[in-house]
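# Fold and geometry: a report
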Amino acid sequence: MSQEHAGTESLENLLHETRSFPPPADFAARANVTASAYEDAARDREQFWARQARELLSWSTDFTEVLDFSGAPVARWFGDGRLNAAYNAVDRHVEAGHGERVAIHFEGEPGDTRTITYADLKDEVSRAANALTDLGVRTGDRVAIYLPLVPEAVIAMLACARVGAAHSVVFGGFSAEALHARIIDAEARVVVTADGGYRRGKAMALKPAVDEAIAKGGTPVEHVLVVRRTGQDTAMTDGRDVWWDDTVATASAEHEPVAVDAENPLFILYTSGTTGKPKGIMHTTGGFLTQTAYTVRAVFDLKPETDVYWCTADVGWVTGHSYVTYGPLVNGATQVLYEGTPDTPDKDRWWQIVAKYGVTILYTAPTAIRTAMKWGEELPGRHDLSSLRLLGSVGEPINPEAWMWYRRVIGGDRAPVVDTWWQTETGAIMISPLPGVTAAKPGSAQTPLPGISADVLDEAGQPVPDGHGGYLVLTEPWPAMLRGIWGDPQRYQDTYWSRFPGKYFAGDGAKKDEDGDVWLLGRVDDVMNISGHRLSTTEIESALVSHPVVAEAAVVGAKDDTTGQAVVAFVILRAEAVERADEEGEGADVVAELRNHVAKEIGPIAKPRSILVVAELPKTRSGKIMRRLLRDVAEGRPAGDVTTLADSSVMEQISTGMSG
Ligand code: PRX
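Residues numbered from 1 in each chain as written. Predicted model: local features only at pLDDT ≥ 70, side-chain atom pairs only at ≥ 80, totals over all residues. Heavy atoms only, no water.

## Here we look at the overall build of the protein
To keep it simple, the criterion reads: Counting from the N terminus, the helices are the DSSP runs of H or I reaching at least four residues and the strands are the DSSP runs of E reaching at least two. With the radius of gyration taken over C-alpha atoms, the globule rule is written as 2.2 Å times the number of residues to the power 0.38. Any residue under 20% of the maximum accessible area for its type is buried, any over 50% is exposed, and the rest in between are partly exposed; the area is computed with a 1.4 Å probe on protein chains only. Note on definitions: a residue-residue contact is assigned when non-hydrogen atoms from the two residues lie within 4.5 Å. Computed with a 1.4 Å probe, the accessible areas rest on the Shrake-Rupley method; for each residue, only the protein chains presented here act as cover.
In terms of helices and strands, the protein carries 21 helices and 30 strands. Expected size for 660 residues packed as a compact globule is a radius of gyration near 26 Å; at 25 Å, the protein falls within 12% of this value. Principal-axis analysis of the C-alpha atoms gives the protein an extent of 75 × 65 × 55 Å. Burial statistics for the protein: of 660 residues in total, 60% are counted as buried. When contacts within the protein are restricted to residue pairs at least 6 apart in sequence, long-range pairs at least 24 apart make up 70% of them. With an accessible surface of roughly 24,500 Å², the protein has 49% of that area assigned to carbon and sulfur atoms.

See the structure below:
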């Protein structure tokens, strides 16, 4: 049924992308959501969301008010309703008689497994909630979670939600520095961590980073709750640190979930902005759960009785919040949770997992798909992937070639592919095909979901006509929208609502094709997207400059075949360091040292792919670094227009250095 275009011209060129894949007839016939959803939502957007909120969630107090945007740009959804997120994700499925259904198939990297039913999950989350309460956590508090991707990460998040405390999950790959800053900003009283986790066959310690973060001082941390994962030697501070095994495991499995206001904070998650300080994106309960639950049903077409769902994201990112912990569990899904990397012990580990558990829905990132392409189709070819019936992509634009490969090699040319656009700030999927409705175009997120309003605007704030590009905006409030930046309402207003007054500016470029479908074109600000994770150029520059040999640094994101973008840094060394390097021939050492320094300050994900030591940086007369020119160099192009440079010879020197 799918018609394939035989052309071989560059598929990156949108004007030539004519392939389209309508939903298979049997898929469409059984789809959870049909085309009428768009009409329903268009007729009355607020009532559409109110219906979803009531159908998909259990409220301890029903709401009478749907949307209140009088405090714009801070919205209130279902404001006078009350509910508990953990009750919705766990208890009610047990009460409905599904206690024996598997909630989580856990696969540890070394090959150990755990099967956790909804009844087990209810007991574990209740125990953890009692243990957190014993450690002093109260409704309204914040708890930092710094864990590998093990079931306790999900359990800890839900335990916080159960007592009405907000969690702040910090990705386990982030450094002690990053953790310290996040603990302080959120004023977390308790940190949940582990002795370590498995990565590429090694036990990587985590707890020492927590000790280091707290030792830096200034944190309000009273207790550290430590999961035993690897069994490695772990220093414990008396009176402050407790083992999960000694507290959670022995706590009562009876715990009454605390009903909170719909607008009670559910979590804070830090993300990069254009300035150095990470933004604590704040999400609340009722609206977030409504839209994450709706999108799992609508976009992934989840059938909880029969599907085995797997989202490969770590809980340290928003995808792990919305599409590991909350969205699937609120729907009563059975899901796979895998701790490790895709190449351990071998490069076919993911495909082996799909076959082993009979995964039916797979949600991953373009960077992973491109890596799998690079490793070759022989590896997935070794396994029976015929259980897969839906494939999703998120995190960055997916090139049409990768989309086609994903569909053909992983999806057996049968499973629909949904390219889902959203952000930490949006909380849930916003623009995506509906798999039973939309004829999918390789590389396009296509259409705002029912109940979502988006547009592409020109510089002047006017919608662009079909066939043209501009800035992506969201024109109406949506249930899972962020409620602000933790502790910084002004920055919330300035970052998202000032570029186009009254509209949410996402920071992404986009284009409408001739059919009005949306194609995402990447960030328009100084934020890079490395393997689907946002990193700010400023943060990495600050990390570089914090090293004693660096005088100045400029960082750009350069196109990278695997990771989408890669970090490329240009540094000016301090005079003393230059002399030393000249004398002792230490140039290469300096670069290696700086790369490691960035990994230590921020995390290995931020490590520059290359660092070029330069004598000068290209600047305008007002002193602004012209990153555009550096990007040209980093991507191997001749530098563009240099007429606004204060010193036009600078680019020649840099380009010579790059090729030399
Ligand atoms: O630039 C867009 C890109 O990722 C950014 C959001 O990053 P983050 O908050 O870390 O959340 C990632 C997971 C939702 C966006 O501003 N992005 C995300 N999904 C897509 C995308 N770009 C193109 N297509 C997508 N499907």
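## Some remarks on the site of the ligand
In plain terms, the rule: Neighbouring residues are identified by heavy atoms, a residue being near a molecule or strand if any of them is within 4 Å of it. The term polar contact refers here to a pair of N or O atoms within 3.5 Å; inside protein, the definition further demands a hydrogen-donor-capable atom paired with an acceptor-capable atom, and it admits residues adjacent in sequence only when both atoms are side-chain atoms. Amino acids are sorted into nonpolar (Ala, Val, Leu, Ile, Met, Phe, Trp, Tyr, Cys and Pro), charged (Asp, Glu, Lys and Arg) and polar (every other residue, Gly among them).
In the vicinity of the ligand, 17 residues are found, and the nearest of them are D419, T420, T424, D508 and R534. Here P397 contributes a backbone N or O atom positioned 3.3 Å from a nitrogen atom of the ligand. The side chain of R534 places a nitrogen or oxygen atom 2.7 Å from an oxygen atom of the ligand. Notes on the ligand: free accessible area 540 Å², of which the protein chains cover 96%. Taken together, the residues that form the shell around the ligand break down as six nonpolar, six polar and five charged.

## Observations regarding helix α6 (residues 151-163)
Since the α-helix advances by 3.6 residues per turn, residues separated by three or four positions end up pointing in the same direction. We count it as follows: A helix is expected to span 1.5 Å for every residue after the first.
Look at α6: 19 Å from first C-alpha to last across 13 residues, which is about the 18 Å you get at 1.5 Å a residue. The buried fraction of α6 amounts to 13 of the 13 residues, a majority that puts the element mostly inside the structure. G164, located one to two residues past α6, shows a positive phi value of around 80°.

## Regarding the domain arrangement of the protein
Stated formally: Reported domain spans reflect what an automatic or database domain assignment gives. Reported buried area values correspond to the accessible surface (1.4 Å probe) lost by two parts on association, with both partners' losses combined. What counts as a salt bridge is simple: a side-chain nitrogen of Lys or Arg found within 4 Å of a carboxyl oxygen of Asp or Glu.
Assigned domains within the protein: domain 1 (25-452) and domain 2 (525-659). Here the C-alpha centre of domain 2 lies 34 Å away from the C-alpha centre of domain 1. Counting residues at the interface gives 24 residues for domain 1, matched by 23 residues for domain 2. Summed over both partners, the interface of domain 1 with domain 2 comes to about 1,800 Å²; 45% of that surface belongs to carbon and sulfur atoms. Applying the counting rule to domain 1 against domain 2 returns one salt bridge. For E425, the salt bridge is made with R534, and the minimal N-O distance between the two is 2.9 Å. The interface formed by domain 1 and domain 2 holds 11 residue pairs in polar contact (both at pLDDT 80 or more) in total.

## Some details on a negative patch on the surface
Put simply, the test is: Distance thresholds for patches are 9 Å for like charges and 5 Å for nonpolar side chains (Val, Leu, Ile, Met, Phe, Trp, Tyr), applied to residues having over 30% relative accessible area and no salt bridge. The charge count treats Lys and Arg as positive and Asp and Glu as negative. His and the chain ends do not count. We put the charge of a Lys on NZ, of an Arg on CZ, of an Asp on CG and of a Glu on CD.
Negative charge collects at one region of the surface, where E100, D120, D123 and E254 lie side by side. Locating D123 in the fold gives a position in helix α5 (residues 118-134). Judged by relative accessible area, which is 30%, D123 ranks as partly exposed.

## Structural notes on the environment of D466
Take D466: it is sitting in the loop between β21 (454-457) and β22 (469-474). Expressed as a C-alpha distance, the spacing of D466 and G516, which sit 50 residues apart in the sequence, is 5.2 Å. D466 has contacts with K512, D513, E514, D515 and G516, leaving out every residue within four places of it along the chain.

## Some details on the sheet that holds strand β11 (residues 223-227)
For clarity, the threshold we go by: The criterion for strand pairing is that DSSP finds at least two bridges linking the strands in question.
Strands sit in the order β12-β11-β8-β6-β7-β14-β15-β23 across an open sheet of eight strands; the sheet is mixed. Edge strands, defined here as strands with exactly one partner in the open sheet, are β12 (241-243) and β23 (484-485). Taken together, the three bridges between β11 and β12 define a ladder with parallel strand orientation. For L225, the partnering residue across the bridge sits in β12 and is V242.

## Structural notes on the UniProt feature "modified residue: N6-acetyllysine" (unreviewed entry) in the protein
Put simply, the rule reads: UniProt positions are given in the numbering used here, feature names are shortened, and annotations may be inferred rather than shown by experiment.
Within this structure's numbering, the places UniProt gives as "modified residue: N6-acetyllysine" (unreviewed entry) are K624. Within the fold, K624 resides in the loop between β30 (610-613) and α20 (627-634). On the basis of relative accessible area, K624 is assigned to the exposed category, the value being 57%. Dropping the residues within four chain positions of it, K624 is found in contact with P618 and K619.

## Notes on the side chain of S531
Within the secondary structure layout, S531 lies in the loop between β26 (527-530) and β27 (533-536). The exposure class of S531 is buried, given its relative accessible area of 18%. A distance of 3.5 Å separates the side chain of S531 from the side chain of T367, its partner in a polar contact. Excluding residues within four positions of it along the chain, S531 makes contact with T367, E396 and T563.

## Structural notes on empty space enclosed by the protein
The following threshold applies: Put simply, the grid is 1 Å and covers the protein atoms alone, a cavity is a trapped set of points that fit a 1.4 Å probe, a pocket is an open set with protein on both sides within 12 Å along at least five of seven lines, and lining residues have an atom within 4 Å of a point. Grid points are joined across faces, edges and corners, and a volume is the space filled by probe spheres set on the points.
One pass over the structure, following the stated rule, counts four cavities of 30 Å³ or more. In this structure, the largest cavity spans a volume of roughly 50 Å³. N84, A85, C160, A161, G164, A165, V260, N264, P265, L266 and T285 together form the lining of the largest cavity. Partitioned by chemical class, the residues of the lining of the largest cavity number seven nonpolar, four polar and no charged.

## A short note on the sheet that holds β22
Cut-off, in case you're wondering: A fitted line through C-alpha atoms serves as each axis, taken over the contacting stretch for helices, and the angle formed by two N-to-C directions is quoted from 0 to 180°.
If you walk across this open sheet you meet the four strands as β21-β22-β24-β25, and the pairing is antiparallel. Taken across any chain shown, the strands that pair with only one partner, and hence form the sheet edges, are β21 and β25 (518-523). Each strand axis lies, on average, 45° off the axis of its neighbour in the sheet, ignoring direction. Across five bridges, β22 lies against strand β24 (residues 504-512) in antiparallel orientation. Paired with Y471 across the two strands is G509, which belongs to β24.

## Here we look at the nonpolar core
Note the threshold: Nonpolar core, defined: a set of buried Ala, Val, Leu, Ile, Met, Phe, Trp, Tyr and Cys residues in which side-chain atoms within 4.5 Å join the residues together.
Core analysis: the biggest nonpolar cluster contains 117 residues, and L158, V192, F300 and Y323 have the highest contact counts within it. No other element matches α6, which puts 10 residues into this core. Not counting chain neighbours up to four residues away, the residues in contact with V192 comprise L132, V143, A144, I145, Y146, L147, A156, L225 and W244. With 28 residues, the next largest nonpolar core counts V336, Y338, L385 and W405 among its residues.

## Quick word on the pattern of salt bridges
Evaluation of the coordinates by the stated rule reveals 45 salt bridges. E425 serves as the salt-bridge partner of K279, at 3.9 Å between the closest nitrogen and oxygen. Of this pair, K279 sits in strand β15 (residues 279-284) while E425 sits in the loop between β20 (417-419) and β21, and the two are 146 residues apart along the sequence. Of the charged contacts, one joins R389 and D301 as a salt bridge, the two residues approaching to 3.1 Å between their closest N and O atoms. Of this pair, R389 sits in the loop between α14 (378-381) and β19 (390-393) while D301 sits in the loop between α10 (286-298) and β16 (308-311); the two residues are 88 residues apart in sequence, bridging distant segments of the chain.

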